[in-house]
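Given next are the chains, with one letter for each unit.
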Amino acid sequence: MDLNTVWFGLIAVLFTGFFFLEGFDYGVGTLLPFLGKKDEERRVIINAIGPFWDGNEVWLLTAGGAMFAAFPHWYATLFSGFYLALVLMLLALIGRGVAFEFRSKDRSPAWRRLWDWSLFLGSALPALLWGVAVGNLVRGVAVDSQMNYVGSFFDLLNPLALLGGLAFLALFSLHGAVYLGLRTEGEVAERARTAAGVLWLPAVVLVVCFVAGCFFFTGIFAKAGLNALPFAGAAAVALLAVGLFLRLGRGGWAFACTGLTVAGATAMVFAGIYPNVLISSLNPAWSLTVYNASSSPYTLGIMTTVAAIFVPIVLLYQGWTYWVFRKRVGGTQKLEY
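Quantities reported herein were computed from a predicted structural model and do not represent experimental measurements.

Comments concerning the overall build of the protein
Argument step 1. Scanning the protein from N- to C-terminus turns up eleven helices and two strands.
Argument step 2. Secondary structure elements of the protein occur, N-terminal to C-terminal, as α-α-α-α-α-α-α-α-α-α-β-β-α.
Argument step 3. For 337 residues, the compact-globule estimate of 2.2 N^0.38 gives 20 Å, and the C-alpha radius of gyration of the protein, at 20 Å, lies within 12% of that figure.
Argument step 4. C-alpha atoms of the protein, sized along the principal axes, occupy 60 × 35 × 35 Å.
Argument step 5. Taken over 337 residues, the protein has a buried fraction of 51%.
Argument step 6. When contacts within the protein are restricted to residue pairs at least 6 apart in sequence, those whose partners lie at least 24 apart make up 79%.
Argument step 7. Separation of charge centres in the protein, based on 21 positive and 17 negative side chains, amounts to 7 Å.

As structure tokens, then:
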């Protein structure tokens, strides 16, 4: 296994970690206006992710930085082609970050309602757009022989990509509801568990339809060797198990299975497109691969050394953060937001 493949795998791991952690984060924000009936309940919901949301986003920054350094042509083509969608996502995330900080600055119901809906939009829109991006990643985009994206914004809004957006939104909402059922107490926790039971079936239908669309309209399941099918199967089994564990009242196992579903779906995508990193829908020969889009071997070698030192440190620190804030939110605890 060469360093090109190693770094492709590391970027896949980073995106898997991001979707797992930020997935329940987005899900909680999306459910906020619907599960929090009173201001105190909404503060409980926000405090459930308050210590973690900014740390979860570090995984995206790291994945983007790794992509820029290891595969600069992939980074340039992807970010230029998806520019408008990324700007919309960035604006939503800015509004979300500001909402976390500003919501508690004024007790006015109108003020807090504004930031609650900013949190909703800043969570739901990125979840939807990430699904659209993944759908285009497996379908292919209009990349020419010079590694330039020559399509339009509306070319990205094709049926498979939109289906992927809805699947991601439903899956992340389910992930967030299960997380809230574990992290909160009282009525909020009961409401979250009920929401998880309601969301499970739509999530199953949308994810299955998206995977079926990938099977019939893309080539990610047609390759020998490193194949997407085992990961798709694992994700499907895990998602079905979520419903069983929800019925049995085993919230911890249900959360583990939603996490495995997210991880399996992400691995399916990366395994399915390899050795490509960006498939050209105009001509397969124009696709960007782990070889023609990569940095020099020297650069990859330096990056590997740096990653081997600092990635374990980051993992230990984030794990420690989750351990410190492991208690359920609610009851007599002080609510900050």
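Quick notes on the packing of aromatic side chains
Two numbers describe a pair of aromatic rings. These are the distance of the centres and the angle of the planes.
Argument step 1. In the structure shown here, the tally under the stated rule is 34 aromatic pairs.
Argument step 2. Ring geometry for F19 against F168: centres 5.6 Å apart, planes inclined by 85°, an arrangement best described as edge-to-face. Residue F19 is located in helix α1 (residues 3-35), and its partner F168 is located in helix α7 (residues 159-183); the two are separated by 149 residues in the primary sequence. Grouping residues by exposure puts F19 and F168 together as buried.
Argument step 3. Where F245 meets W253, the ring centres are 5.9 Å apart and the plane angle is 25°; that geometry is what we call stacked.
Argument step 4. Here the aromatic cluster, defined as three or more aromatic residues joined through ring pairs, consists of F8, F15, F18, F19, Y26, F71, W74, W130, F168, F172, F270 and Y274.
Argument step 5. Over the ring of W323 we find R326; its NZ or CZ atom is 3.9 Å from the centre of that ring.

Here's the deal with the environment of A228
Argument step 1. With respect to the helices and strands, the residue A228 is situated in the loop between α8 (186-217) and α9 (229-248).
Argument step 2. Owing to a relative accessible area of 0%, A228 belongs among the buried residues under this scheme.
Argument step 3. Each C-alpha atom of the pair A228 and A308 lies 27 Å from the other, and the pair is 80 residues apart in sequence.

Let's talk about unusual backbone geometry
Argument step 1. Looking along the chain, the bond that leaves Y274 and enters P275 is cis, with omega of 5°.
Argument step 2. When you line up the elements, P275 lands in the loop between α10 (251-273) and β1 (276-278).
Argument step 3. Its identity as a non-glycine residue notwithstanding, M147 has a phi of 65°, on the positive side.
Argument step 4. As for its position among the elements, M147 is in the loop between α6 (109-139) and α7.

Some words on the nonpolar core
Argument step 1. Counting 98 residues, the largest nonpolar core has F19, W74 and W130 as its most contacted members.
Argument step 2. No other element matches the 15 residues that α1 contributes to this core.
Argument step 3. If we skip the residues at most four places from it in the chain, F19 touches W130, V134, F168, F172, V262 and T266.

Looking at the packing of helix α2 (residues 39-49) against α7
Argument step 1. One way to put it is that α2 packs onto α7 with a least axis distance of 10 Å and a crossing angle of 100°. In terms of orientation, α2 and α7 fall into the roughly perpendicular class. Where α2 abuts α7, its residues I45, N47, A48 and I49 lie against Y179, L180 and R183.
Argument step 2. Its residues assigned to classes, the contact of α2 with α7 comprises five nonpolar, one polar and one charged.

Describing the state of the cysteines
Argument step 1. Applying the stated rule across the entire model yields zero disulfides.
Argument step 2. C214 provides the cysteine sulfur closest to C209, a residue in no disulfide bond, and the two sulfurs are 11 Å apart.

Reading guide: rules and limits
Residues numbered from 1 in each chain as written. Predicted model: local features only at pLDDT ≥ 70, side-chain atom pairs only at ≥ 80, totals over all residues. Heavy atoms only, no water. Helix = DSSP H or I, 4+ residues; strand = E, 2+ residues; numbered from the N terminus. Rg over C-alpha atoms; globule rule 2.2 N^0.38 Å. Buried < 20%, exposed > 50% of the residue type's maximum accessible area, 1.4 Å probe, protein only. Contact = heavy atoms within 4.5 Å. Lys, Arg positive; Asp, Glu negative; His and termini not counted. Charge placed at Lys NZ, Arg CZ, Asp CG, Glu CD. Phe/Tyr/Trp six-rings, centres within 6.5 Å; stacked < 30°, edge-to-face > 60°. Lys NZ or Arg CZ within 6 Å of the ring centre and 35° of its normal. Core = buried A, V, L, I, M, F, W, Y, C linked by side-chain atoms within 4.5 Å. Axes fitted to C-alpha atoms, helices over the stretch in contact; angles between N-to-C directions. Parallel < 35°, antiparallel > 145°, perpendicular 65-115°, else oblique. Nonpolar A, V, L, I, M, F, W, Y, C, P; charged D, E, K, R; others polar. Disulfide = S-S within 2.5 Å.

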